[in-house]
Amino acid sequence: MPGAPPHIRERLATLVLPVLLPILGLLALVVLALATGRYSVPVGDVFGILAGKLFGLPMRAEPAMQIVVLQVRLPRVLAALVVGAGLAAAGATYQGLFRNPLVSPDILGVSAGASLGAVLGIFLALPVAAIQGLAFAGGLGAVAAVYAVGAAVRRHDPVLTLVLAGVAIGAVLGSAISLLKVLADPYNQLPAITYWLLGSLASASLGDVAAILPAILLGLVPLMLLRWRMNLMSLGEEEARALGVETRVLRPVLIAAATLVTAAAVSVTGVIGWIGLLVPHVARLLVGPDFRRLLPASLILGAGYLLAVDLVARTIAPIEVPLGILTALIGAPFFLWLLASGKRGWA
């Protein structure tokens, strides 16, 4: 708008660059993911199928294309968006809360607890819904155990105590997973356990997305409402209290919300690493450390990142590559590049 006043142009610039462009890019990536695969679907047919499904318009695409878009690709695209956004938001919360750029959603044993629950369900030959339920309960139970240890040890810094307790509990849960892998049937159970631990969206369905969406939204709502207080929490315990923040109440609420999001996501997709560690760093480089902007940026970038990785996973090779392998292969070198070239401070 060349004729608009300067403050209007500045307002539009601050709205378009950090908000509208990423959203438009994410929508374009969604369309690309729906159109690309072993069975290619023209972009025009993708729009026609989605419009027909949403608004009841007649679909001119072939029935096979409709099945591929609506029943095969759409569920995993939605799952990638929800899980990627949730893991990135949880990672940004943990990093700000613990004031540590190396913290990720599994620091309190969430991933290890969810993994143990899922491995136990596979070992007992339970149905898929029960395996997901055990994974969800295992993630929440692991964090509850970590918090119980932190409450019992009051002589040290509470943040440091929680981190160390999470490492210890995660090690115990990891040893239990290894024991179940040794005892599992090497022909049926062990391959299923190994594949689940590597993470995948291949079996994601609309029912899975509907099952985890309420829990993820329930965790994201307090994070969004309290995101301005996270700026104060990142200053430290004493500084936050001096500014009027009740840290003993706020920290458990934020940890519980981020844990709920992580446990719900991992229960469906398996363990997908590096999203909660890498994406908040990228978002921080783009929008700065202010959590009011950092959290929305992490949500958008996390959704787009996992969707892009899933697209590569199902098209790069004749067989589908587990997501955990690709996120590590992509995330680790990129993270090292960020450490070497980043000019913006973390704090």
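Everything in this summary refers to the structure shown in the same document. What you see is a predicted model; the values in this text were computed from it and never measured. For every chain, the first residue of the written sequence is number 1, and numbering continues from 1 along that sequence. Owing to the predicted nature of the model, reporting of local features is limited to residues with pLDDT of at least 70; listing and counting of side-chain atom pairs is limited to 80 or more, with chain, interface and lining totals taken over all residues. Hydrogens and water are ignored here; the side-chain numbers use all heavy atoms of the structure.

**Regarding unusual backbone geometry**
One non-glycine residue with positive phi stands out, namely Ala125, at about 60°. Each helix is a run of H or I in the DSSP string that is no shorter than four residues. Each strand is a run of E no shorter than two, and both are numbered from the N terminus. Looking at the secondary structure, you find Ala125 in the loop between helix H4 (110–123) and helix H5 (128–152). Relative accessibility decides the category of a residue: with a 1.4 Å probe and only protein chains considered, values under 20% of the type maximum give buried, values over 50% give exposed, and everything between is partly exposed. By relative accessible area, which is 63% here, Ala125 ends up exposed. For Trp274, which is not a glycine, the phi torsion comes out positive at approximately 75°. Within the secondary structure layout, Trp274 lies in the loop between helix H11 (247–269) and helix H12 (275–287).

**Section: the packing of helix H2 (residues 43–55) against helix H3 (residues 63–98)**
Contact geometry of H2 with H3 gives a least axis separation of 10 Å together with a crossing angle of 70°. By the angle class used here, H2 and H3 are roughly perpendicular. Where H2 abuts H3, its residues Asp45, Val46, Ile49, Leu50 and Lys53 lie against Met65, Gln66, Val69 and Leu70. Think of each axis as a best-fit line through the C-alpha atoms, taken over the contacting stretch in the case of a helix, with angles from 0 to 180 degrees between the N-to-C directions. The scheme is simple: roughly parallel for angles under 35 degrees, roughly antiparallel for over 145, roughly perpendicular for 65 to 115, oblique for anything else. What makes two residues a contact is simply this: any of their non-hydrogen atoms within 4.5 Å.

**Brief notes about the pattern of salt bridges**
We define a salt bridge as a side-chain nitrogen of Lys or Arg found within 4 Å of a carboxyl oxygen belonging to Asp or Glu. All told, the structure shown has five salt bridges when counted by the stated rule. The residue Asp310 makes a salt bridge to Arg76 at a minimum N-O spacing of 2.6 Å. Here Asp310 is found in helix H13 (residues 291–313), whereas its partner Arg76 is found in helix H3, with 234 residues between them in sequence. Judged by its relative accessible area of 7%, Arg76 is buried. Here Arg76 and Glu320 are joined by a salt bridge, their closest N and O atoms 2.8 Å apart. Here Glu320 lies in the loop between H13 and helix H14 (323–341) and Arg76 lies in helix H3, a separation of 244 residues in the sequence. Judged by its relative accessible area of 24%, Glu320 falls in the partly exposed class. Salt bridges here are not isolated pairs; linked through shared partners, they connect Arg76, Asp310, Arg314 and Glu320.

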